[in-house]
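If you want the building blocks of each chain, they are given just below.
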Amino acid sequence: MTALFRLFNVTKNYGDRQVLNVEHLEIEAGHIYGILGPNGSGKTTLLRVISLLTLNDTGKLEVLGEHIHWAPTQLLRLRRQMAMVTQSSYMFEGSVFYNVAYGLKTRKTPEPEVKVKVQESLELLGMLDFINYPARKLSGGEKQKVAIARALAVNPKVLFLDEPTSNIDPSSSIEIESYIKYINEEKATTIILITHKLFQARKLAKQMFLMWDGHILEQGPTRDLFHDPRDPRTRKFLKGEY
Amino acid sequence: MDVIWQGLKEGFMLILSLDQELIQVTLLSLHVSLTALIIAGIIGIPAGAFLALKNFHGRRLILNITYTLMGLPPVLAGLIVFLFLSNRGPLGDFQLLFTPTAMIIAQVILGFPLVCGLTARAVMTQQQEVYDTSVMLGATRTQAILTLIRESRIGIIAALTTALGRLIAEVGAVMMVGGNIQGKTRVLTTSIVLETRMGHDSRALGIGIILLLLAFIIMLIILKLEKRSFKDDSTIQII
Ligand SMILES: Nc1ncnc2c1ncn2[C@@H]1O[C@H](COP(=O)(O)OP(=O)(O)OP(=O)(O)O)[C@@H](O)[C@H]1O
Ligand SMILES: [Mg+2]
């Protein structure tokens, strides 16, 4: 099994503050990975580095089996196999349709196919009724649903989810969790999920990472991490005492 | 007070009479300023986006120069073009002085910094997440940059509106390089100057009213276009 992502001694500094320092990390194809950690511990930064949105300062980075040399053609080729739902779920000015069609249009997908796929993805998230609605006027949770539909529309090999259900009501959350499972199982999409909902992480992720001050404090199978954490800080974090 | 009433009356009479000369002057005003606006837009919008997005040595300086030139006095722009186009100037051979082309050139020089500077401002206020969202959805760099420009379009339309307002209303540059030649380079603003000098105050005022109406109509059209592209333009409600 080849690793989809492989990091060695990857660091990222903002000013003289180190916000990421990952000695070694491997992510394999086909699983759901969960990333936990306190606010500001570097979860989003890690996601941005492996999705090639942020340049790391030092270290070695391999994405989808390739050593990254940051040439635009390489970035484009690799990014087109990934999709991301960001923490803010930024919506472009325009309709929900425009937003969900965006990724397909960048790939010059034929118009009829775009229509079909946009409808399919919105349907899946229960947002089809909003197809002509101005995306900026949606509620926070609706925006997140559209952002998920938008990412699914391009049928990515790897899907990054940065707190995708933070604004979503409990019953929709459960639905979204089942889609996450579904696309992982049916489409073999690798999913990397940042979440603050321990229950969600436990339910979905096979493997977990716990981030702390830019480091990966602990990693392993979800069961082990929850039942038998090695680091006392992990134990505290999971009990909500941090 | 009388002059003003007289002027208002004469203005409307002028419009109603469809005065041949006045129509020709109005059309030339429109032709010169709109052509200059289009050219300023075609080069100013990409230039502004470039200044906003590309980090290079001297960028700050160029931006500051651009902002300064946004206040370039029209007569000064006119003078510079005049010197270039006059018989002894480097472009004298083209014989462009006192033609509408010269007026367009001068107005491009006036309009370009406005369009470029305000476009740069509009694009710079966009957040990193616009670019990130678009490349993570598979956009090429060019596509992502076009998206950034698209997301800035309220600001860019404002830039074009501001520039057009400045161009249609300015007199210094067109007077300097056009010369206000009857039937050839006379535009609304230079007509006003001329009529005032000749003591035809109310006619001057009448032409002024036409100019104002024209500006109003153009703004209405732009606002209409703006509305069309912003069905969901968020209006901030202050309660
Ligand atoms: N562009 C940036 N410039 C400066 N500092 C940054 C930048 N991006 C992130 N940081 C800092 O890096 C640290 C890690 O940020 P990151 O967004 O990765 O945290 P996180 O684990 O995702 O937190 P949260 O749970 O709040 O989303 C934070 O302290 C943040 O202030
Ligand atoms: Mg985060």
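Residues numbered from 1 in each chain as written. Chains lettered and ligands numbered in written order. Predicted model: local features only at pLDDT ≥ 70, side-chain atom pairs only at ≥ 80, totals over all residues. Heavy atoms only, no water.

Give a description of the pairing of strand β8 (residues 190–194) of chain A that names residues and reports values.
Residues and elements named next belong to chain A. Taken across its 5 residues, β8 has 5 buried, putting it largely inside the fold. Bridging between strand β3 (residues 32–36) and β8 involves 4 bridges; their strand directions are parallel. Opposite Tyr 33, over in β8, you have Ile 192 as the bridge partner. As paired elements, strand β7 (residues 158–162) and β8 share 5 bridges and run parallel to each other. Residue pairing across strands places Val 158 opposite Thr 190, the latter belonging to β8. Handedness of the β7-helix α6 (residues 170–186)-β8 crossover: right-handed. (Buried < 20%, exposed > 50% of the residue type's maximum accessible area, 1.4 Å probe, protein only. Helix = DSSP H or I, 4+ residues; strand = E, 2+ residues; numbered from the N terminus. Pairing = 2+ DSSP bridges. Right-handed = clockwise from strand over helix to strand, strands pointing away.)

Explain the pattern of salt bridges to me, and be specific about the residues and the numbers.
All names here are of chain A. For the structure shown, the criterion picks out 14 salt bridges over all chains. Across the pair Lys 60 and Glu 62 runs a salt bridge, and its minimum N-O distance is 3.8 Å. For Glu 62, a relative accessible area of 17% corresponds to the buried category. For Glu 113, the salt bridge is made with Lys 117, and the minimal N-O distance between the two is 3.4 Å. In this pair, Glu 113 and Lys 117 both sit in helix α4 (residues 111–124), 4 residues apart, roughly one turn of the helix. The class for Glu 113 is partly exposed, based on a relative accessible area of 35%. Each member of the salt-bridge network shares a partner with another, and the members are Arg 6, Glu 26, Lys 60 and Glu 62. (Salt bridge = Lys/Arg side-chain N within 4 Å of Asp/Glu carboxyl O.)

Describe the sheet that holds strand β6 (residues 82–85) of chain A, with residues and values.
What links the strands of a sheet is backbone hydrogen bonding, and the strands pair in either a parallel or an antiparallel sense. Residues and elements named next belong to chain A. Read across the open sheet, the 6 strands follow the order β6-β7-β8-β3-β9-β10; overall the sheet is mixed. Each edge of the open sheet carries a strand with a single partner, namely β6 and β10 (215–221). On average, each strand axis in the sheet is tilted by 15° relative to the strand beside it, whichever way the strands run. (Axes fitted to C-alpha atoms, helices over the stretch in contact; angles between N-to-C directions.)

Could you give me a rundown of the domain arrangement of chain A, with the residues and numbers involved?
All names here are of chain A. As far as domains go, chain A holds domain 1 (3–81 + 157–238) and domain 2 (95–155). Computed over C-alpha atoms only, the centres of domain 1 and domain 2 are separated by 24 Å. Across the contact, 15 residues belong to domain 1 and 12 residues belong to domain 2. With both chains or domains summed, domain 1 and domain 2 bury close to 1100 Å², and 59% of this area falls on carbon and sulfur atoms. The largest per-residue losses of area from domain 1 upon contact with domain 2 belong to Arg 80, Asn 167 and Tyr 179, which jointly make up 41% of the total buried on that side. Applying the counting rule to domain 1 against domain 2 returns 0 salt bridges. Counting across the interface, domain 1 meets domain 2 through 7 residue pairs in polar contact (both at pLDDT 80 or more). Partitioning the side of domain 1 that touches domain 2 into residue classes produces 6 nonpolar, 4 polar and 5 charged. (Domains from an automatic or database assignment. Contact = heavy atoms within 4.5 Å. Buried area = accessible area lost by both parts, 1.4 Å probe. Polar contact = N/O pair within 3.5 Å; in protein donor to acceptor, adjacent residues only side chain to side chain. Nonpolar A, V, L, I, M, F, W, Y, C, P; charged D, E, K, R; others polar.)

So what about the coordination of the magnesium ion (ligand 2)? Which residues, and what values?
Expected angles at a metal are 109.5 degrees for tetrahedral coordination by four donors and either 90 or 180 degrees for octahedral coordination by six donors. Residues and elements named next belong to chain A. Coordination of the magnesium ion (ligand 2) by the protein is provided by Thr 44 (OG1) and Gln 87 (OE1), with metal-donor distances spanning 1.9 to 2.5 Å. Of this pair, Thr 44 sits in helix α1 (residues 43–50) while Gln 87 sits in the loop between β6 and α3 (96–106); the two residues are 43 residues apart in sequence, bridging distant segments of the chain. Residue Gln 87 is classed as partly exposed on the basis of its relative accessible area, which comes to 40%. (Donors = N, O, S within 2.8 Å, 3.2 Å for Na, K, Ca; no water.)

Account for the interface of chain B and chain A, naming residues and giving values.
Listed as interface residues are 24 residues of chain B and, on the opposing side, 29 residues of chain A. Note on chain B versus chain A: buried area summed over both sides is about 2200 Å², and carbon and sulfur give 55% of it. Across the salt bridge formed by B:Asp132 and A:Arg48, the nearest N and O atoms sit 2.7 Å from each other. On the surface where chain B and chain A come into contact, there are 14 residue pairs in polar contact (both at pLDDT 80 or more). For the side of chain B that touches chain A, the element with the most residues is helix α6 (residues 128–136) of chain B, which contributes 8 residues. In terms of residue class, the side of chain B that touches chain A is made up of 7 nonpolar, 9 polar and 8 charged.

Go over the site of ligand 1 with me, naming the residues and quoting the values.
Residues and elements named next belong to chain A. Taken together, 14 residues lie around ligand 1, and Arg 17, Lys 43, Thr 44, Thr 45 and Gln 87 are the ones closest in. Coverage of ligand 1 by the protein chains reaches 64% of its 630 Å² of free accessible surface. At the level of elements, β2 (17–28) and α1 are the ones that each hand at least two residues to the shell around ligand 1. With 3 residues, α1 is the single largest residue contributor to the shell around ligand 1. A per-class count over the shell around ligand 1 returns 3 nonpolar, 8 polar and 3 charged. (Near = heavy atom within 4 Å. Areas by Shrake-Rupley, 256 points an atom, 1.4 Å probe, with all protein chains shown as cover.)

Give me the lowdown on the nonpolar core, citing residues and values where you can.
B:Leu22, B:Met103, B:Leu110, B:Val177, B:Leu188 and B:Ile218 are the most contacted members of the largest nonpolar core, which has 49 residues in total. Elements that contribute at least two residues to this core include exactly α2 (20–53), α3 (59–69), α4 (74–85), α5 (100–124), α8 (153–169), α9 (172–178) and α11 (201–229) of chain B. Not counting chain neighbours up to four residues away, the residues in contact with B:Ile218 comprise B:Leu30, B:Leu164 and B:Ile168. Formed by 45 residues, the second largest nonpolar core is a distinct cluster that contains A:Leu36, A:Val85, A:Met91 and A:Leu193. (Core = buried A, V, L, I, M, F, W, Y, C linked by side-chain atoms within 4.5 Å.)

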